[in-house]
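Working through the structure, step by step
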Amino acid sequence: MSIRLRTRPAWLSPKVARTEILAGLVVALALIPEAISFSIIAGVDPSVGLFASFTMAVVISIVGGRSAMISAATGAIALVVAPLVREYGLDHLIATVILGGLFQIVLGSLGVAKLMRFVPRSVMVGFVNALAILIFLAQVPELIDVPWPVYPLFAGGLVLMVLFPKLTKAIPAPLVSIVALTALTIAAGIAVPAVGDKGALPSSLPVPGLPSVPFTFGTLALLAPYALAFALVGLMESLMTAKLVDDITDTRSNKTREAIGQGIANIVTGFFGGMGGCAMIGQTMINVKTAGARTRLSTFLAGAFLMVLCIAFGPLVSQIPMAALVAVMVLVAFGTFDWHSVAPATLKRMPVGEVVVMVVTVGVVVATDNLAIGVVVGSLTAMVIFARRVARLVEVTAVVDPDGTQVVYAVTGELFFASSNDLVEQFDYANDPEKVVIDLTGAHIWDASTVAALDAITTKYASRGKTVEIIGLNKHSARMHGKLSGELAGSH
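Heads up: these notes are all about the structure in this document. Because the structure is predicted, anything quoted here is derived from the model rather than measured. (Residues numbered from 1 in each chain as written. Predicted model: local features only at pLDDT ≥ 70, side-chain atom pairs only at ≥ 80, totals over all residues. Heavy atoms only, no water.)

Looking at soluble globular proteins, one finds that nonpolar side chains tend to be buried together. Ile32, Leu50, Phe127, Met275, Ile286 and Leu306 are the most contacted members of the largest nonpolar core, which has 94 residues in total. Among the elements that line this core, the one with the most residues is helix α2 (residues 14–42), at twelve residues. If near-sequence neighbours (up to four positions away) are discounted, Phe127 is found in contact with Met240, Thr241, Ile281, Thr361, Leu371 and Val375. Within the second largest apolar cluster, 22 residues are counted, among which are Val394, Tyr409, Leu440 and Tyr461. (Core = buried A, V, L, I, M, F, W, Y, C linked by side-chain atoms within 4.5 Å. Buried < 20%, exposed > 50% of the residue type's maximum accessible area, 1.4 Å probe, protein only. Helix = DSSP H or I, 4+ residues; strand = E, 2+ residues; numbered from the N terminus. Contact = heavy atoms within 4.5 Å.)

Structure, rendered in structure tokens:
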């Protein structure tokens, strides 16, 4: 009996189930206009994005590795596939989604998720802040050149979401805000932009089928670059989102399972005629931070409610004012931004290099509108700064024996390509005595560049008739030096 209680899913608890159900409903309502918008960016019918959001959420809730994370059609994926759709049409897009899903399964199986450990904290902070800025900027067009009632509705939505939790947290404030503003606009006959203005909602469930493309190597060669970009962008955004949710919830998730799950979800989505997708950071923040969801039930219901709302309540959902949903997303953006990271006191204490990495990450993401590119550039910047910092920690000190017969050079620090290039210049080849000892007790050899540098030092001394003895190598350094020394003649 005790074993059964321990393995019982958390969402079977009535209190947890209520939270998950309401969270799923809020996310579904917020997903509709976004999925339609991303469909427009990709150049496809709104139903293609809505079907993708439905199948992605439902499938990933079962096969994914991160509970409570929302996957659906996204802007990042839409930007990747838009050129393909313009040039070749919908069937080639669907084939690309299926192929991209296969790539994700392969990459996940090869352990691509383990690369997440190389993403520095400063990049993660930059990623979160850039995400908040992008979410906010995406709402700005909805507040420009619109009827004046949009502004009081927007402000009222914000006030309601801030004040309502002080009364009760049993019902998510965004849901209350959306329902209240919709009821007000319908009852008062206020004419403002609504969800229905974004595009027609589907009236039936998606039907499985195969894309109508030639099954040839030519088609494969055409689609592979798009599919690989699709796979990499989707995995990058999904794994970063999973890491963010891990931090928020103080739990760990299986990133390899998540990567493979994203692939499975995209394959299923392709067969059902969807445009593909990945983790949605904005919707995930609504689900996890705003609504307090923690289990797979909210993810599943977000997809299920999405289709129910479109098919059964389409006319009513179409009347939801965009101002209500914009207010929700603006509050999400405000809550997502890491305000502590930009506080003057924090910036004063932070190393300059880490601040630079954070700013670079934010700048690239906002400039390209692509979170994946920003993370890659930010990580590369961090690696360069780290390499320069570590390279400066290498010290070389020389001690000449009193009788002048030998000199001992003590080398301390991490020896790799960035530091070993300067190592060759630290020795006095012309004036040193005939015997030179290089003591590496306080150093570590990391790469072939260092072995090549040591060979170059030995060669320079040998050309002057002097001998070099290298001592103090640790086990790893001795193995690398023994294997490569003398074999890298062309490297220096």
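Let's shift gears to the sheet that holds strand β5 (residues 435–445). The sheet built from four strands is open, its strands ordered β3-β4-β5-β6 with mixed pairing. Here the strands that pair on one side only, and so sit at the sheet edges, are β3 (395–400) and β6 (467–471). Ignoring which end each strand starts from, the neighbouring axes of this sheet average 20° apart. For β5 and β6, the ladder comprises five bridges, and the chain directions are parallel. Among the inter-strand pairings, Lys435 is bridged to a residue of β6, identified as Thr467. (Pairing = 2+ DSSP bridges. Axes fitted to C-alpha atoms, helices over the stretch in contact; angles between N-to-C directions.)

Let us look at the packing of aromatic side chains. Tallied over the full model, the rule gives seven aromatic pairs. Relative to Phe427, the ring of Tyr409 has its centre 4.4 Å away and its plane inclined at 55°; by these criteria the two rings are tilted. One end of the pair, Tyr409, is in strand β4 (residues 406–415); the other, Phe427, is in the loop between α18 (417–423) and β5, and 18 residues separate them in sequence. Taking relative accessible area as the criterion, Phe427 reaches 7% and is therefore assigned buried. For the ring pair Phe427 and Tyr429, a centre distance of 6.3 Å and an interplane angle of 35° mean the geometry is tilted. Take Phe427 and Tyr429: they sit in the same class, and that class is buried. (Phe/Tyr/Trp six-rings, centres within 6.5 Å; stacked < 30°, edge-to-face > 60°.)

Here we take up the pattern of salt bridges. Per the counting criterion, the structure on display carries four salt bridges. For Asp246, the salt bridge is made with Arg66, and the minimal N-O distance between the two is 2.6 Å. With Asp246 in helix α9 (residues 217–249) and Arg66 in the loop between α3 (46–63) and β1 (71–72), this pair connects stretches of sequence that are 180 residues apart. Side by side, Asp246 and Arg66 carry an identical accessibility label, which is buried. Across the pair Glu469 and Lys435 runs a salt bridge, and its minimum N-O distance is 3.5 Å. Remark: Lys435 occurs in strand β5 and Glu469 occurs in strand β6; sequence separation between them is 34 residues. Overall, the relative accessible area of 35% leaves Lys435 in the partly exposed class. (Salt bridge = Lys/Arg side-chain N within 4 Å of Asp/Glu carboxyl O.)

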